[in-house]
Amino acid sequence: MTTSETHDPAWALPDSVEQQPDGSCAILCGKCQECATVVFPKPPICPTCLSTDIEVRRVSEGGRLYTYSVVHAARAGWQAPFGIAYVDFPEGVRVCGPLNLTQGADIPLDSPVRVLAGTLRTDASGKPILSHRFEVITTPGSHS
Amino acid sequence: MTRPAIIGAAMSRFAKRPEVTVQDLGWPVVLDALRDAGIDRKDVNAVYTGSAFSGRLVGQRVLRPIGMTGIPVINCENACSSGATAFREACMAIRHGEIDVAVVLGIDKLTSLGGGVLPGQAEDWEVAVGLTMPALYAMRAKRYMHDHGVTAEQLAMVAVKAHRHGALNPYAQFNNEVTVQQVLQSKPVADPFTVIQCCPTGDGAAAVVVCSEQFARRVTRKPVWSVATELTSGIYMPGFRDMTTPEITVRGAKEIYELAGMGPDDIDMAEVHDAFTIAELLYYEAFGFCAPGEAVSLLERGETSLGGRIPVNPSGGLLCKGHPVGATGIAQVVEAVWQLRGEADKRQVQGARTALTHCTGGGIAGLDHGACSINILAA
């Protein structure tokens with residue numbers, strides 16, 4: 001108990017993101033081996049065909065910002081303001097997650113998004129809770 | 001099969017009333033509904049209760065002080081649609097002749113939660129990464145504004161209209177009119193929403209007496225009929241889904257119109273689930289009061305205001321009347337009953353003969369909403 005508290009980072013959603021050796025990150029989802037339905041996060045059973053043969057799959061790069069908000073009134077234990085977004089990936093997966101606001105709070109929808117991993121919040125004891133995060137990819141000269 | 005009739009309706013004023021227990025919030029409203037119906041408590045065969053945050057045995061706790069015990073009490077939880085679900089269950093039992101008379105109570109006391117954003121289900125994976133109900137609707141708003149070129153000022157107009165109506169309703173939590181500037185300058189909650197664009201937390205109860213057609217004919221000359229009542233749950237769509245088209249309400253609207261043999265042109269007024277400003281716009285389109293993308297234009301032309309073609313939320317809606325979650329679905333029916341009887345005073349929709357009520361909600365990842373219940377009522 002004590003060991004796990006001090007050594008294992010706590011994840012808001014275990015197995016939702018994979019960190020590559022080069023530091024880049026990818027969302028992990030589940031793909032049904034019977035009917036190819038893709039679901040985030042990996043489900044215990046396929047909602048389409050009820051197969052339990054679900055494999056973890058790494059989701060491609062190429063996420064797009066479907067929509068987002070800047071949350072000013074959060075639940076207890078959350079430090080506001082923070083960004084939150086729905087990001088669509090080429091596999092047909094839509095993932096909700098925190099959005100970095102390094103480009104400010106006025107972000108064009110459908111912008112390309114990269115996946116990161118980082119601190120989501122800290123729990124009551126001050127321990128960090130980790131999760132996937134999103135950040136809009138800006139190219140030089142793309143500011144409107 | 002009999003046609004369910006509503007013969008009694010009552011509600012408390014929606015307000016922050018932390019000093020009142022759920023029990024004491026509820027029983028006076030039940031008695032008021034029975035008095036309005038002109039019947040005795042002994043005539044009631046069953047009580048259906050809807051609440052989302054008031055704990056176990058809500059019905060029994062409320063009914064004990066007035067001695068309505070020893071009868072079936074059915075407590076329903078379906079998030080924001082809890083009260084509406086209880087009403088649907090009562091109508092089903094009456095329609096199929098299982099019972100003759102039911103009381104339906106919707107009730108919740110949100111001040112006991114400490115205020116602010118409603119708690120989410122910790123095991124929901126979107127809640128786990130920070131999603132709140134205002135943020136979910138805010139993201140719908142952001143996409144709708146992007147797709148249809150809607151401005152923050154236009155979105156704020158929904159709250160201005162809600163408060164113009166609510167100012168005329170003595171049962172509303174707020175009775176103040178607001179300007180677009182006041183809406184936009186109020187405290188930010190979840191961009192693009194400021195606090196005046198979000199329904200308030202509060203406490204309240206609403207009750208109706210529902211009965212068979214035969215019973216109604218004996219006791220009243222002014223029954224309000226349940227033409228059709230519909231309940232469904234959201235379809236799980238783990239992939240892409242158009243968040244500007246509320247799946248559960250679009251499907252529910254189609255079903256209720258089919259059940260009633262009616263269309264949008266047959267509806268004289270509606271109480272829809274405007275938990276946040278964007279919601280009302282989405283529901284104009286879902287119910288066919290206007291074409292997709294035309295909601296702002298419908299609002300700006302005044303067609304959904306009192307005196308317009310299809311007044312929406314003459315009560316002030318959730319935004320201004322308030323949203324004690326489980327009470328809302330019944331409060332909508334109460335408003336419709338008063339309107340159809342011509343008893344809505346300063347906010348009366350002139351000549352209203354048919355009304356639609358719509359209660360949906362429950363944030364759950366992958367579904368548009370958890371539950372949605374719709375009624376068409378007629379004088």
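The structure displayed is predicted, hence computed values, not measured ones. (Residues numbered from 1 in each chain as written. Chains lettered and ligands numbered in written order. Predicted model: local features only at pLDDT ≥ 70, side-chain atom pairs only at ≥ 80, totals over all residues. Heavy atoms only, no water.)

Asks: What's the story with the packing of aromatic side chains in this structure? I'm lost.
Replies: Aromatic ring pairs are reported here in terms of the distance separating the ring centres and the angle at which the planes meet. Residue and element names in this part refer to chain B. In total, this model carries six aromatic pairs over all chains according to the counting rule given. Considering the side-chain rings of Tyr171 and Trp338, the 4.8 Å spacing of their centres and the 40 degrees angle between planes classify their relative orientation as tilted. Of the two residues, Tyr171 is situated in the loop between helix 6 (152-166) and helix 7 (180-185) and Trp338 in helix 13 (residues 328-340); the sequence distance between them amounts to 167 residues. With a relative accessible area of 29%, Tyr171 lands in the partly exposed category. For Trp338, a relative accessible area of 9% corresponds to the buried category. Considering the side-chain rings of Phe193 and Phe276, the 5.5 Å spacing of their centres and the 15 degrees angle between planes classify their relative orientation as stacked. A residue pair is termed long-range when its members are at least 10 positions apart, and Phe193 in strand 6 (residues 193-194) and Phe276 in the loop between strand 9 (269-271) and helix 10 (277-286) qualify at 83 residues. (Phe/Tyr/Trp six-rings, centres within 6.5 Å; stacked < 30°, edge-to-face > 60°. Helix = DSSP H or I, 4+ residues; strand = E, 2+ residues; numbered from the N terminus. Buried < 20%, exposed > 50% of the residue type's maximum accessible area, 1.4 Å probe, protein only.)

Asks: Please explain the sheet that holds strand 9 of chain B as it appears in this structure.
Replies: Each strand in a sheet pairs with its neighbour through backbone hydrogen bonds, running either in the same direction (parallel) or in the opposite one (antiparallel). Residue and element names in this part refer to chain B. Read from one edge to the other, the open sheet built from nine strands follows the order 3-2-4-7-1-8-11-10-9, with strand pairing classed as mixed. The open sheet terminates on both sides in strands that have one partner only, identified here as strand 3 (73-76) and strand 9. Here the strands of the sheet are splayed against their neighbours by 25 degrees on average, with no regard to which way each runs. Where strand 2 (residues 46-50) and strand 3 come together, four bridges link them in parallel fashion. Bridging from a neighbouring strand, Val47 pairs with Val73 of strand 3. (Pairing = 2+ DSSP bridges. Axes fitted to C-alpha atoms, helices over the stretch in contact; angles between N-to-C directions.)

Asks: What is the right way to look at the interface of chain B and chain A in this model?
Replies: By convention, interface size is frequently given as the accessible area that disappears when the constituent parts associate. Opposite the 32 residues of chain B that make contact, chain A presents 36 residues. Sorting the residues of chain B by area buried against chain A places Val129, Met139 and Phe240 of chain B first, and these three jointly supply 24% of that buried surface. The partner of Arg143 of chain B in a salt bridge is Asp110 of chain A, with the nearest N and O atoms 2.9 Å apart. Summed over the shared surface of chain B and chain A, the result is 12 residue pairs in polar contact (both at pLDDT 80 or more). For the side of chain B that touches chain A, the secondary-structure elements that each account for two or more residues are helix 4 (125-128), helix 5 (133-148) and strand 5 (188-190) of chain B. The dominant element in the side of chain B that touches chain A, judged by the number of residues it contributes, is helix 5 of chain B, at eight residues. (Contact = heavy atoms within 4.5 Å. Buried area = accessible area lost by both parts, 1.4 Å probe. Salt bridge = Lys/Arg side-chain N within 4 Å of Asp/Glu carboxyl O. Polar contact = N/O pair within 3.5 Å; in protein donor to acceptor, adjacent residues only side chain to side chain.)

Asks: What exactly am I supposed to notice about the pairing of strand 11 (residues 371-378) of chain B here?
Replies: Residue and element names in this part refer to chain B. Taking burial as the measure, the eight residues of strand 11 include eight buried ones, the bulk of the element. Pairing of strand 8 (residues 224-233) with strand 11, which is carried by eight bridges, proceeds in the antiparallel orientation. Bridging across to strand 11, Glu230 finds its partner in Ile374. As paired strands, strand 10 (residues 354-361) and strand 11 are joined by eight bridges and run antiparallel to one another. Bridge pairing links Thr354 to Ala378 in strand 11.

Asks: What is the right way to look at the environment of His132 of chain A in this model?
Replies: All names here are of chain A. Inspection of the secondary structure puts His132 in strand 10 (residues 128-136). Distance from His132 to Arg64, taken between C-alpha atoms, is 15 Å for residues 68 residues apart in sequence. A distance of 3.4 Å separates a polar atom in the side chain of His132 from a polar atom in the side chain of Ser16. A polar side-chain atom of His132 sits 2.9 Å from the main-chain carbonyl oxygen of Cys96.

Asks: Would you mind showing me how to read the nonpolar core here?
Replies: A general trend in soluble globular proteins is that nonpolar side chains are found buried together. In terms of nonpolar packing, the biggest core is built from 86 residues, with Leu65 and Phe134 of chain A touching the most fellow members. At eight residues, helix 5 of chain B tops the list of elements feeding residues into this core. Apart from the residues lying within four places of it in its own chain, the contact partners of Leu65 of chain A are Ala85, Tyr86, Val87, Leu99, Ile107, Pro108, Leu109, Asp110, Ser111, Val113 and Val136 of chain A together with Arg143 of chain B. By size, the runner-up hydrophobic cluster in this structure holds 34 residues, among which are Phe14, Val224, Ala355 and Leu377 of chain B. (Core = buried A, V, L, I, M, F, W, Y, C linked by side-chain atoms within 4.5 Å.)

Asks: Looking at this model, I keep getting lost on the pattern of salt bridges. Mind explaining?
Replies: Pairing between side chains of opposite charge can happen when the charged atoms of each approach one another. All names here are of chain B. Evaluated as defined, the whole model comprises 22 salt bridges over all chains. Notably, a salt bridge pairs Arg35 with Asp32, separated by 2.8 Å at the nearest N-O pair. With Arg35 and Asp32 both in helix 1 (residues 22-37), this residue pair falls three residues apart, about one helical turn. Residues Glu213 and Arg217 are paired through a salt bridge, measuring 3.0 Å at the closest nitrogen-oxygen approach. In this pair, Glu213 and Arg217 both sit in helix 8 (residues 213-219), four residues apart, roughly one turn of the helix.

Asks: How should I be thinking about helix 10 of chain B in this particular structure?
Replies: Each α-helix winds once per 3.6 residues, and so residues spaced three or four apart point in a common direction. Residue and element names in this part refer to chain B. Counting buried residues in helix 10 gives 10 out of 10 residues, a clear majority hidden from the surface. Within helix 10, burial applies to Thr277, Ile278, Ala279, Glu280, Leu281, Leu282, Tyr283, Tyr284, Glu285 and Ala286. Just beyond helix 10, the residue with positive phi is Gly288, at close to 75 degrees.

Asks: In this structure, what is going on with unusual backbone geometry? I would like to understand it.
Replies: As a rule of thumb, non-glycine residues mostly have phi less than zero, and peptide bonds are mostly trans rather than cis. Cis geometry is adopted by the peptide bond preceding Pro81 of chain A, which originates at Ala80 of chain A and carries an omega value of 0 degrees. Counting through the fold element by element, Pro81 of chain A comes out in the loop between strand 6 (63-71) and strand 7 (82-89). Geometrically, the link from Asp191 of chain B to Pro192 of chain B is a cis peptide bond, its omega value of 10 degrees lying close to zero. Examined against the element boundaries, Pro192 of chain B turns out to sit in the loop between strand 5 and strand 6. One non-glycine residue, Asp110 of chain A, lies in positive phi territory at about 75 degrees.

Worth remembering: the numbers are spatial, not functional.
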